[in-house]
Protein chains: 2
Amino acid sequence: MPQPCPARVGDPVDQIETPALVVDLDVYEHNLDRMAGILAGRDIRFRPHAKTHKSPEVALDQIKRGAVGVCCQKVSEAEIMVQGGVHDVLLSNQIVGRSKARRVAKLAKQARIAVCADNKENIAELDAAAKEADITLSVLVEVEVGGDRCGVPPGKPALELAQIIQSAPNLEFGGLQVYHGNAQHIRKHTERHAAIAEAARKTTKTVNLLSSAGFECRTLAGGGTGSLDIDLELGVLNELQAGSYIFMDADYGRNFDRNEAFIGIFKNSLFVLASVMSTPRNDLAIIDAGLKAVAFDSGNPVISSRTGVIYAGPSDEHGNLDVSDNNPLLLGETVWLIPGHCDPTVNLYDWYVGIRGDRVERVWPVAARGALS
Amino acid sequence: MPQPCPARVGDPVDQIETPALVVDLDVYEHNLDRMAGILAGRDIRFRPHAKTHKSPEVALDQIKRGAVGVCCQKVSEAEIMVQGGVHDVLLSNQIVGRSKARRVAKLAKQARIAVCADNKENIAELDAAAKEADITLSVLVEVEVGGDRCGVPPGKPALELAQIIQSAPNLEFGGLQVYHGNAQHIRKHTERHAAIAEAARKTTKTVNLLSSAGFECRTLAGGGTGSLDIDLELGVLNELQAGSYIFMDADYGRNFDRNEAFIGIFKNSLFVLASVMSTPRNDLAIIDAGLKAVAFDSGNPVISSRTGVIYAGPSDEHGNLDVSDNNPLLLGETVWLIPGHCDPTVNLYDWYVGIRGDRVERVWPVAARGALS
């Protein structure tokens, strides 16, 4: 059922079947190495988010450079990571329902697993599953620090959940999950800084309350690529979860501070390689990559291989390109797209095609593509 | 690499692992049967588009009820259809490049295959591939009848391409592809009718010109679910390509004439089944289906299982539901979503879970999920 790989190792780049998800390995390794360099010597753990790449092979590339493990959003993702050789996974999300709780507990017999919770019924489910599996499961309290999504409010509600976790016979309190997702893409650095600083204040307030009640937060986890410099400056978190830095995307490129802060040093390594399939007019070319080949939730992709060309809009299997420079695209010509948003774009593909220069050097599966449950 | 199936035949519906792509088989069969009923006795072929369902099993359900075969957009989709037992496929799209042209020609040795073209270089590629495979390949000219996408203008440019096809030693002219995609979702029936009638006029003009030059258009292919009644009324097309009718979606539901015309008789058979994973407030519930579980290009999904609840917005793995009726959702509660757009939603899943009443009756793969090339 997986689709055939669109290239073989050793192929010239111009023989890749399009559309394809292509990683420029030089840039990818630059991103991996720069993150390792930024974090080297700092008293902070790095647990990049695997929801970005959905690949144990990428996770192992990160772990080789100092990451302690990865985050996952879904238990199915975590299962694939563990099967692929990752020994330490934080489920940075609620895993709800008896069946999924059992899967978490089963996985915790094979690897170091922790999970987040924001609800006492869910904590009871996790406790029952841990009991059944005869393990002690580490559970973090997710605190809503500004994202208006999951999590309990800072302060007392978080303490109450920590107490419930601690009193559950088969669970242990692992700390706090305090991710502010919305803040990652606030365009202005000053405004992003203010949002992250407010989240940090809520976190500190909660940590102090927990501490005064005798709870140590071994893990204070959060952070993303857009807030990396700010999280490091504020120093509240002890475990960072940035994921997009390995690939970057057009939306991160629209953050205004790309050359001012850490974010400026990560570069686009991920592309959708497409081909021109129709050239109805000199100012219009149609490529073979539409809604099923690129994610559009964060805007249209950016054309990186040519100036004077804009991705005007998609349909299911087509992309309309506006050509404004009197230099029409040719039938069959390849076009390199920087996706608007890397995570859901990766999730559309079965294979990464890793290139170096003009050759395919490495191909590997998007093993957790479609891992939804 | 495919994900495990989220249910087994015989399971109660409330045991399906979420998120899951669920087909209500009673409604699905209603849609299949109603289309067969509408077309019965008419002098028109039906070749539904498989880009909607990406499943040879669905294709065979359609063929059993009178469809002559299916359309595909990609040669990879066509390969999977033929492998799954479909013997007649129209590639209703340009298939560009030597490698893909060869795949088309190879497939044409196993099944009845036709392909569309709008460019003489592409026609030369197809001819070379057909020669190499020692076959005669049927090629339709795609005419741009209003969609501002692929296709040559109506009239003389179409005739010129037909002549080029006919003079290519290994190709035969198969007719015209005249699909007006944009018109399918024009909200008002009168305006949609006008757009389709204009496309039909362009088609007729082209057919007459071709006829006066000695070219018979054996196939005049196009049409969609949104224009079904209009295409039948106008009687210009002899091969209909509607695909969405089997599933329908929230966007088709927003066409104003659902109870006036044929479109009103097809009902939503396709759902994303999701679960509540967090209940931060009485007026906010978070479900486990976000950008990777539903397509958002045609708007947010509609909640079909509850009134007073709106899908307010997605993030990668979460959906925020606004609850306005003081009847809060419960943790673990299942929520049924009607996707905004069926085609790209289906493409996110490995499995269909077919239910009848409160039981899972049939599970089958989305075999061409991710078939991009």
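In this numbering scheme, every chain counts its residues from 1 along its sequence in written order. A letter from A marks each chain and a number from 1 marks each ligand, given out in the order of writing. Note on the predicted model: pLDDT of at least 70 is required for a residue's local features to be given, and 80 or more for side-chain atom pairs to be given and counted; whole-chain, interface and lining totals, by contrast, use all residues.

Remarks on the overall build of chain A
Secondary structure elements are taken from DSSP: a helix is a run of H or I of four residues or more, a strand is a run of E of two residues or more, and numbering for both begins at the N terminus. In terms of regular secondary structure, chain A is built from 10 helices and 17 strands. In terms of overall size, chain A behaves like a compact globule, its C-alpha atoms giving a radius of gyration of 22 Å where 373 residues would be expected to give roughly 21 Å. Taking the principal axes of the C-alpha coordinates as reference, chain A spans close to 70 × 45 × 35 Å. Among the 373 residues that make up chain A, the fraction classed as buried is 58%. Residues are defined as contacting one another if the C-beta atoms placed from their backbone atoms lie within 7 Å. Put simply, of all contacts in chain A between residues at least 6 apart along the chain, 67% involve residues at least 24 apart. Here the globule rule is a power law, 2.2 Å times the number of residues to the power 0.38, and the radius of gyration is based on C-alpha atoms. Remark: C-beta atoms are placed from the backbone, and a residue is labelled buried if 20 or more other C-beta atoms sit within 10 Å of its own, exposed if 12 or fewer do, or partly exposed between those counts.

Examining helix H1 (residues 25–39) of chain B
All names here are of chain B. A helix is expected to reach a length of 1.5 Å times the quantity of its residues less one. Over its 15 residues, H1 runs 21 Å from end to end, which matches the ideal 21 Å to within 8%, given 1.5 Å per residue. Looking only at H1, the buried set comprises Tyr28, Asn31, Leu32 and Met35. All buried residues of H1 fall inside an arc of 95° around its axis, so they share one side. Residues of H1 that are exposed and point over 90 degrees away from its buried face: Asp33 and Gly37. Just downstream of H1 lies Gly41, where phi reads positive at about 80°. By definition, the arc is the one covered by directions from the helix axis to the C-beta atoms.

Let's talk about the nonpolar core
Counting 246 residues, the largest nonpolar core has Leu91(A), Val104(A), Leu91(B) and Val104(B) as its most contacted members. If we skip the residues at most four places from it in the chain, Val104(B) touches Val75(B), Leu91(B), Ile95(B), Ile113(B), Val115(B), Leu126(B) and Ala129(B). Buried Ala, Val, Leu, Ile, Met, Phe, Trp, Tyr and Cys residues whose C-beta atoms connect them within 7 Å together make up a nonpolar core.

Section: the domain arrangement of chain A
All names here are of chain A. Domain annotation for chain A reports domain 1 (13–20 + 266–365) and domain 2 (25–247). Domain start and stop points were drawn from an automatic or database domain assignment. Computed from C-alpha atoms alone, the centre-to-centre distance between domain 1 and domain 2 is 33 Å. At the interface, 16 residues of domain 1 touch 18 residues of domain 2. Listed by contribution, the elements that provide at least two residues to the side of domain 1 that touches domain 2 are helix H10 (342–346), strand E16 (351–356) and strand E17 (359–365). Looking at side-chain class alone, the side of domain 1 that touches domain 2 contains seven nonpolar, four polar and five charged residues. Three categories are distinguished: nonpolar for Ala, Val, Leu, Ile, Met, Phe, Trp, Tyr, Cys and Pro, charged for Asp, Glu, Lys and Arg, and polar for the others, with Gly belonging to the last.

Re the sheet that holds strand E9 (residues 239–240) of chain B
Residue and element names in this part refer to chain B. An order of E2-E9-E8-E7-E6-E5-E4-E3 is seen for the eight strands of this open sheet, with the pairing classed as parallel. Each edge of the open sheet carries a strand with a single partner, namely strand E2 (45–46) and strand E3 (70–72). For two strands to count as paired, DSSP must find a minimum of two bridges between them. Bridge count between E2 and E9: two bridges; the pairing is parallel. If you follow Arg45 over to E9, its bridge partner there is Glu239.

What to know about the environment of Ile80(B)
All names here are of chain B. Structurally, the position occupied by Ile80 is in helix H3 (residues 75–83). Using a count of 24 C-beta atoms within 10 Å as the deciding quantity, one classes Ile80 as buried. In this structure, the C-alpha to C-alpha distance between Ile80 and Pro56, residues 24 residues apart in sequence, is 7.3 Å. For Ile80, the residues in contact, after removing those within four places along its chain, are Pro56, Ala367, Ala368 and Ala371.

Thoughts on the relation of the copies chain A and chain B
Fitting of the copies onto one another was done by least squares over C-alpha atoms, counting residues only where both copies have pLDDT of at least 70. When chain A is fitted to chain B, the residual RMSD is 0.0 Å, and the transformation amounts to a turn of 180° plus an axial shift of 0.0 Å. Accordingly, the operation relating the two chain copies is best matched by a two-fold axis. Every residue of chain A has its C-alpha some distance from the rotation axis, and the shortest such distance is that of Pro2(A), at 3.2 Å. Comparing interface residues between copies, 100% of those in chain A also sit at the interface in chain B, which points to an isologous, same-surface contact.

Things to note about the pairing of strand E13 (residues 309–314) of chain B
Residues and elements named next belong to chain B. Pairing geometry for E13 and strand E14 (residues 319–323), over five bridges, is antiparallel. The residue of E14 that forms the bridge with Pro314 is Gly319. In this structure, the hairpin formed by E13 and E14 is closed by a connection of four residues.

Things to note about the sheet that holds strand E2 (residues 45–46) of chain A
Residues and elements named next belong to chain A. Across the sheet, eight strands lie side by side as E2-E9-E8-E7-E6-E5-E4-E3; this open sheet has parallel pairing. What marks the edges here is a single partner per strand, and that holds for E2 and strand E3 (70–72). Here helix H3 (residues 75–83) sits on the sheet and contacts E3, strand E4 (88–94) and strand E5 (112–117); the angle it forms with E4, its principal contact strand, is near 175°. Whenever a helix is involved, its axis is fitted only over the stretch in contact; in every case the axis is a line through C-alpha atoms, and angles between N-to-C directions fall within 0 to 180 degrees.

Things to note about the interface of chain A and chain B
Many structure descriptions define interface size as the accessible area lost when the parts assemble. Contacts between the two partners involve 56 residues from chain A and, on the opposite side, 56 residues from chain B. Among the secondary structure elements, those contributing two or more residues to the side of chain A that touches chain B are E4, helix H5 (120–133), strand E10 (270–281) and H10 of chain A. Residue contributions to the side of chain A that touches chain B peak at five residues, all from E10(A). Among the residues making up the side of chain A that touches chain B, the classes are represented as 21 nonpolar, 22 polar and 13 charged.

Comments concerning unusual backbone geometry
With an omega dihedral of -10°, the bond running from Thr18(A) to Pro19(A) counts as a cis peptide bond. Looking at where Pro19(A) falls in the secondary structure, it is placed in the segment before strand E1 (20–24). Look at Lys54(A): it is not a glycine, yet its phi comes out positive at around 55°. Position of Lys54(A) relative to the elements: it lies in the loop between E2 and helix H2 (56–64). Its 26 C-beta neighbours within 10 Å are what place Lys54(A) among the buried residues. Not every positive phi belongs to a glycine, and Met248(B) is a case in point at roughly 60°.

Focus: H3(B)
An α-helical turn contains 3.6 residues, so a residue and the one three or four places further along point in the same direction. Residues and elements named next belong to chain B. With eight of nine residues buried, H3 lies mostly within the body of the structure. Residues Val75, Ser76, Glu77, Ala78, Glu79, Ile80, Met81 and Val82 constitute the buried set of H3. Packing partners of the buried residues in H3 comprise helix H2 (56–64), E3, strand E4 (88–94), helix H4 (98–107) and strand E5 (112–117). Within two residues after H3, Gly85 carries a phi angle of roughly 105°, on the positive side.

Considerations on the confidence of the model for chain A
As a note on interpretation, predicted positions should not be read in detail where pLDDT is low. Confidence of the prediction at every residue is given by pLDDT, a number between 0 and 100. Looking at chain A, the pLDDT average stands at 96 and 98% of residues meet or exceed 70. Among the prediction metrics, the complex's ipTM stands at 0.97, with pTM recorded as 0.97.

Overview of the environment of Ile63(B)
Residue and element names in this part refer to chain B. With respect to the element layout, Ile63 can be found in helix H2. Accessibility expressed as a C-beta count within 10 Å gives 20 for Ile63, which makes it buried. It is 9.1 Å that separates the C-alpha atoms of Ile63 and Pro48, two residues lying 15 residues apart in sequence.

Quick look at the packing of H3(A) against helix H4 (residues 98–107) of chain A
Residue and element names in this part refer to chain A. Here H3 crosses H4 at 20°, and the two axes come no closer than 10 Å. The angle between H3 and H4 falls in the class roughly parallel. The handedness of the crossing between H3 and H4 is left-handed. Residue-level contacts link Val75, Ala78, Glu79 and Val82 of H3 to Lys100, Arg103, Val104 and Leu107 of H4. Residues belonging to the contact of H3 with H4 are distributed by class as follows: five nonpolar, no polar and three charged. Here the angle decides the label: under 35 degrees means roughly parallel, over 145 means roughly antiparallel, 65 to 115 means roughly perpendicular, and every other value means oblique. Note on convention: the crossing is left-handed when the near helix lies turned anticlockwise from the far helix by less than a right angle, right-handed when the turn is clockwise.

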